[in-house]
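# Commentary on secondary and tertiary structure
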Amino acid sequence: MSYLFFPSMSLHGLILLTVLLWCRVAAAQSEATLKLETGKQVFEAACAGCHGMDGKGQPVSTLGFEPPATFPDFTDCNGSTRESTQQWSSVIHDGGKVRAFAPIMPSFGDASAPALTDQQIQNVIGHIRKFCTEDSHWPSGDFNFARPMFTEKSFPEDELVLMTTFNTNGQPGIVNNMIVEKRFGAIFNMETRFRGGFSKTAAGSWTGAVGDTSFEFKRSMWVHNKTGSMLAWGNEMIIPTGDPNRGSGGNGMFMLESFLSYGQILPKSSFLQAQVGVEAPPFHRHQNPMEVYWRTDIGKAFNQSRGFGRSWTLALETVGVRSLGPNNRLTVDLVPQMQVTLSKRQHMRLGMGYNVPTVNIGNRPQQFMFYLLWDTFDGGLKEGWK
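The residue numbering used here restarts from 1 in each chain and proceeds along that chain's sequence as written. Given that this is a predicted model, residues contribute local features only at a pLDDT of at least 70 and side-chain atom pairs are listed and counted only at 80 or more, while totals for whole chains, interfaces and linings are drawn from all residues. Side-chain measures here rest on the full set of heavy atoms in the structure, leaving out hydrogens and waters.

All right, on to helix α2 (residues 39–51) then. For the purposes of this entry, the term helix denotes a DSSP run of H or I that reaches at least four residues, the term strand denotes a run of E that reaches at least two, and both are numbered from the N terminus. Multiplying 1.5 Å by the helix residue count minus one yields the expected span of that helix. Taking 1.5 Å of rise per residue, 13 residues should cover 18 Å, yet α2 covers just 14 Å from first to last C-alpha, more than 12% shy of that figure. Residue alanine 45 marks the point of greatest curvature in α2, where the axis turns by about 50°. Within the sequence span of α2, burial applies to Gly39, Val42, Phe43, Cys47, Ala48 and His51. Looking at the buried side of α2, the elements it contacts are α6 (118–129). Just beyond α2, the residue with positive phi is glycine 52, at close to 80°. One axis is fitted to the seven residues ending at the residue and one to the seven starting there. The bend at that residue is the angle between these axes. Exposed residues in this analysis have more than 50% of their type's maximum accessible area, buried residues have under 20%, and partly exposed residues fall in between, with area computed by a 1.4 Å probe over protein chains only. Throughout, a contact is declared for two residues whenever any of their heavy atoms are within 4.5 Å.

What follows is the structure, encoded as structure tokens:
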């Protein structure tokens, strides 16, 4: 049919064509909405049913079940900012079971039939982080890199660390450290370190003694979550509770230490940590000169099971110390190391490293060291395993 033969139908045809075009535009708009392109759209469609539009969680009457103790409140900055993007992504992709949380958290990124794409999951994580309205003051959990053997991290945390060091050559000896770290709010951290050790005497017998004790205060000075940069400042006081004559103490003097610690997120799950500081006795400086030191740690994390399983981190640490006394002595050590998560929740970790003196070796021994780390905020010793 043409307009020439059916002039009376032209107006109806125009109306019909207009309606069809309007329906097509409306359908296209609806289709765009169903794509859930923004994090807010994804959250409201897939998450708000349980977690609430405000991120605080739906009431029990709406949920229909009693939420577990680990059910999150995304507006609680103390809890929501601590976890890394990789941790959030793992739980959204594979459900609560992947980190030994309640199985009521479903899987949205199952490899066989994903409900959300990787990009949608990244978008919704960005939206979830916005529920913490003090985001600029709280460092992201992405700064919580693997713990180095020597370099002080800039990220404040709650941890219990048991570290042991063995001399592999030279004078036999073992040094044990128990490190307790406690976080206060967004930027403050306190650390207490207890030392002890065993050494072999010339007669061939082993003797043990308590070592020095130290107390440290650390404060985050600057955090830029978007650029992945973080700077912290700290002071430490070392109390000579050990006995240098028995190989369990330092120099037998009170020591004060001040430092700056820096963390930088690098591409592809890599990172850089650095620390510079000065250590000096407040009294009797003529007996023990001031020292300056610098430490760097660069590493990369690898995750099993499509990036959501056990985490392995390989790193290389450099430790330099310059004595400012009469001898002006410089020592430099290299420390290749690794860390692996032990629990499914990744709050229990094992770290191992080997300390190799490279400058002014003298009688300084090579050392094998390892630690067991427990992130006490993320769960108890018996939690998070299965």
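Moving on: the environment of asparagine 355. Structurally, asparagine 355 is set in strand β11 (residues 348–359). The residues touching asparagine 355, leaving out its near neighbours within four places in the chain, are Phe150, Asp333, Leu334, Val335, Gln366, Gln367 and Met369. At 3.4 Å, the side chain of asparagine 355 forms a polar contact with the side chain of aspartate 333. In the analysis that follows, any N or O atom pair within 3.5 Å is treated as a polar contact, provided that within protein one partner can donate a hydrogen and the other can accept it, and provided that, for residues neighboring in sequence, both atoms belong to side chains.

The next thing to look at is the packing of aromatic side chains. Only rings of Phe, Tyr and Trp enter the pairing, Trp through its six-membered ring, and a pair is recorded when the two centres are within 6.5 Å. The plane angle decides the type: under 30 degrees is stacked, over 60 is edge-to-face, the rest tilted. According to the stated counting rule, one finds ten aromatic pairs in the structure shown. Relative to phenylalanine 271, the ring of phenylalanine 145 has its centre 4.9 Å away and its plane inclined at 10°; by these criteria the two rings are stacked. Taken together, the residues span a long stretch of sequence, with phenylalanine 145 in the loop between α6 and β1 (159–167) and phenylalanine 271 in strand β7 (residues 270–280) at a distance of 126 residues. When sorted by exposure, phenylalanine 145 lands in the same class as phenylalanine 271, which is buried. Where phenylalanine 217 meets tryptophan 233, the ring centres are 6.2 Å apart and the plane angle is 75°; that geometry is what we call edge-to-face. Of this pair, phenylalanine 217 sits in strand β4 (residues 206–224) while tryptophan 233 sits in strand β5 (residues 229–239); the two residues are 16 residues apart in sequence, bridging distant segments of the chain. Overall, the relative accessible area of 29% leaves phenylalanine 217 in the partly exposed class. For a lysine, the NZ atom is tested; for an arginine, the CZ atom; a charge sits over a ring if that atom is within 6 Å of the ring centre and within 35 degrees of the ring normal. Of note, arginine 183 hangs over the ring of phenylalanine 155, and the distance from its end group to the ring centre comes to 5.3 Å. Directly above the aromatic system of tyrosine 293 lies the positively charged group of arginine 295, at a separation of 4.2 Å from the ring centroid.

Here we take up the side chain of histidine 51. Position of histidine 51 among the secondary structure elements: in helix α2. Note on histidine 51: relative accessible area 11%, which makes it buried. With residues up to four places along the chain from it excluded, the contact list for histidine 51 reads Phe43, Lys56, Gly57, Gln58, Phe71, Pro72 and Phe74.

Here, a salt bridge means any side-chain nitrogen of Lys or Arg that lies within 4 Å of a carboxyl oxygen of Asp or Glu. Applying the stated rule across the entire model yields ten salt bridges. Ionic pairing is found between arginine 147 and glutamate 159, a salt bridge with its closest N-O pair at 3.4 Å. Placement of the pair is arginine 147 in the loop between α6 and β1 and glutamate 159 in strand β1, with a sequence separation of twelve residues. Between arginine 193 and glutamate 191 there is a salt bridge; the shortest N-O distance is 3.8 Å. Note on arginine 193: relative accessible area 15%, which makes it buried.

Taken together, the nine bridges between β1 and strand β12 (residues 367–375) define a ladder with antiparallel strand orientation. Paired with leucine 162 across the two strands is leucine 372, which belongs to β12. Any two strands with at least two DSSP-identified bridges between them are counted as paired. Relative to β12, β11 is paired through eight bridges, and the arrangement is antiparallel. Note that in β12 the partner of glycine 351 across the bridge is tyrosine 371.

Burial within helix α5 (residues 85–94) is extensive, with eight of its ten residues counted as buried. Inspection of α5 places Gln87, Trp88, Ser89, Ser90, Val91, Ile92, His93 and Asp94 among the buried residues, and these make up the whole buried set. Trailing α5 by a residue or two, glycine 95 shows a phi angle of about 85°, which is positive.

Here valine 335 is to be found in strand β10 (residues 330–341). Here valine 335 falls in the buried class, since its relative accessible area comes to 0%. As a C-alpha pair, valine 335 and methionine 149 span 186 residues in sequence and 8.0 Å in three-dimensional space. Ignoring anything within four residues of it in the chain, the contact list for valine 335 reads Met149, Phe150, Ala315, Leu316, Glu317, Val319, Tyr354 and Asn355.

On to unusual backbone geometry, then. Not every positive phi belongs to a glycine, and serine 305 is a case in point at roughly 55°. Tracing the sequence through the fold places serine 305 in helix α7 (residues 304–307). For serine 305, a relative accessible area of 51% corresponds to the exposed category. With a phi close to 55°, asparagine 360 is a non-glycine residue in the positive phi region. Within the secondary structure, asparagine 360 sits in the loop between β11 and β12. Taking relative accessible area as the criterion, asparagine 360 reaches 38% and is therefore assigned partly exposed.

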